[in-house]
Amino acid sequence: MNLSSNSPASREIVYEEVLPHAPEIVWKTLTDGTLIEQWLMPNDFQPIVGRQFTFRTKPVGGWDGVVHCEVLEVEPYARLVYSWKGGTDNNATYGSRLDSLVTWTLTPVEGGTRLRLVHSGFRSPQNDFAFEAMNGGWARVLHRISAVASGIRADV
């Protein structure tokens, strides 16, 4: 379910979905670098506060395709927050400079886990293209997270 909100200065992407998996399984899917690569992109993630890591995607224009991140909060099975910085000032649309925050919240519910994603800090108008592209992209990611989680054994 898309709950995105907008204001003149900053916009955020918000998705919330109930996944038919225990919080421990969803957490593992969100914090294991090998699993993250299956639903998002290559990375060197580790769930350690202060850990800097990268995501890698296709370079565009003057942007090298590297998203620079730092783990800001880790509350096992409940909350994960990291910065998301990438792009360059030389790209006016896709690949424009983005300094944002990704927050994952897991809540146990009957039959699984409510997973809430908030990707905040999109500045308008410079990040409008990234906002539109990533808004649809995150919806697909949530479905892939559930699919990856389906392949994890319950005794993680």
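Located above this text is the structure these notes cover.
Residues numbered from 1 in each chain as written. Predicted model: local features only at pLDDT ≥ 70, side-chain atom pairs only at ≥ 80, totals over all residues. Heavy atoms only, no water.

Trainee: Just give me the short version of the overall build of the chain, but keep the residues and values in it.
Mentor: Looking only at helices and strands, the chain has 3 helices and 7 strands in total. Starting at the N terminus, the α and β elements of the chain follow one another as β-β-α-α-β-β-β-β-β-α. Relative to its length of 156 residues, the chain is compact, with a C-alpha radius of gyration of 15 Å against a globular reference of 15 Å. Considering only C-alpha atoms, the chain reaches an extent of 50 × 30 × 25 Å along its principal axes. Here the analysis covers contacts within the chain between residues at least 6 apart in sequence; of these, 52% occur between residues at least 24 apart. Element-wise, carbon and sulfur atoms account for 51% of the exposed surface of the chain, whose accessible area totals about 7800 Å². Each charge sign in the chain was given a centre, from 14 positive and 17 negative side chains, and these centres are 4 Å apart. (Helix = DSSP H or I, 4+ residues; strand = E, 2+ residues; numbered from the N terminus. Rg over C-alpha atoms; globule rule 2.2 N^0.38 Å. Contact = heavy atoms within 4.5 Å. Areas by Shrake-Rupley, 256 points an atom, 1.4 Å probe, with all protein chains shown as cover. Lys, Arg positive; Asp, Glu negative; His and termini not counted. Charge placed at Lys NZ, Arg CZ, Asp CG, Glu CD.)

Trainee: Just give me the short version of helix H3 (residues 128-150), but keep the residues and values in it.
Mentor: Taking 1.5 Å per residue, 23 residues should reach 33 Å; H3 reaches 34 Å between its end C-alpha atoms and fits that length. For H3, every residue scored as buried is listed here: Ala130, Phe131, Met134, Asn135, Gly137, Trp138, Val141, Leu142, Ile145, Ser146, Val148 and Ala149. (Expected span 1.5 Å × (residues − 1). Buried < 20%, exposed > 50% of the residue type's maximum accessible area, 1.4 Å probe, protein only.)

Trainee: Can you tell me about the nonpolar core, naming the residues and giving the values?
Mentor: Counting residues in hydrophobic clusters, the biggest one holds 39 residues, and the most contacted among them are Trp39, Phe55, Trp84, Trp104 and Trp138. Broken down by element, this core gets its largest block of residues, 9 residues, from H3. (Core = buried A, V, L, I, M, F, W, Y, C linked by side-chain atoms within 4.5 Å.)

Trainee: Can you explain the pattern of salt bridges? Please cite residues and give values.
Mentor: Under the defined criterion, the tally for this structure stands at 7 salt bridges. Across the salt bridge formed by Glu16 and Arg116, the nearest N and O atoms sit 2.7 Å from each other. Taken together, the positions of Glu16 in strand S2 (residues 10-19) and Arg116 in strand S7 (residues 112-123) put the pair 100 residues apart, joining distant regions of the chain. A residue is classified by how much of its surface remains accessible, and Glu16, at 16% relative accessible area, is buried. Relative accessible area serves as the criterion here: at 30%, Arg116 is assigned to the partly exposed category. Between Asp89 and Arg97 there is a salt bridge, with the nearest N and O atoms lying 3.2 Å from each other. (Salt bridge = Lys/Arg side-chain N within 4 Å of Asp/Glu carboxyl O.)

Trainee: How would you summarise the side chain of Thr54 if you had to cite specific residues and measurements?
Mentor: The residue Thr54 is located in strand S3 (residues 52-56) in this model. Sequence-distant contacts of Thr54, defined by excluding residues within four places in its chain, comprise Pro42, Asn43, Asp44, Val66, Val67 and His68.

Trainee: Hey, could you go over the packing of helix H1 (residues 23-31) against H3 for me, with residue numbers and the actual values?
Mentor: Interaxial distance between H1 and H3 falls to 9 Å at its minimum, and their mutual angle equals 115 degrees. The orientation of H1 relative to H3 falls into the category roughly perpendicular. Taken as a pair, H1 and H3 cross one another with a handedness that is right-handed. Mapping the contact onto sequence places Ile25, Thr29 and Leu30 in H1 and Ile145, Val148 and Ala149 in H3. (Axes fitted to C-alpha atoms, helices over the stretch in contact; angles between N-to-C directions. Parallel < 35°, antiparallel > 145°, perpendicular 65-115°, else oblique. Left-handed = near helix turned anticlockwise from the far one by under 90°.)

Trainee: I'd like a description of the environment of His68, backed by residues and values.
Mentor: You can see His68 is positioned in strand S4 (residues 66-75). On the basis of relative accessible area, His68 is assigned to the partly exposed category, the value being 43%. For the pair His68 and Leu117, spaced 49 residues apart in sequence, the C-alpha to C-alpha distance is 19 Å. With near-sequence residues (within four places) excluded, His68 lies in contact with Phe53, Thr54, Ser83, Trp84 and Lys85.

Trainee: Could you give an account of the side chain of His119, with specific residues and numbers?
Mentor: Here His119 is to be found in strand S7. Within the structure, the side chain of His119 is placed 2.7 Å from the side chain of Ser100, a separation counted as a polar contact. A distance of 2.9 Å separates polar atoms of two side chains, one belonging to His119 and the other to Trp138. Those residues in contact with His119, other than ones at most four positions away along the chain, are Arg11, Glu12, Ile13, Trp84, Leu98, Ser100, Leu101, Val102, Met134 and Trp138. (Polar contact = N/O pair within 3.5 Å; in protein donor to acceptor, adjacent residues only side chain to side chain.)

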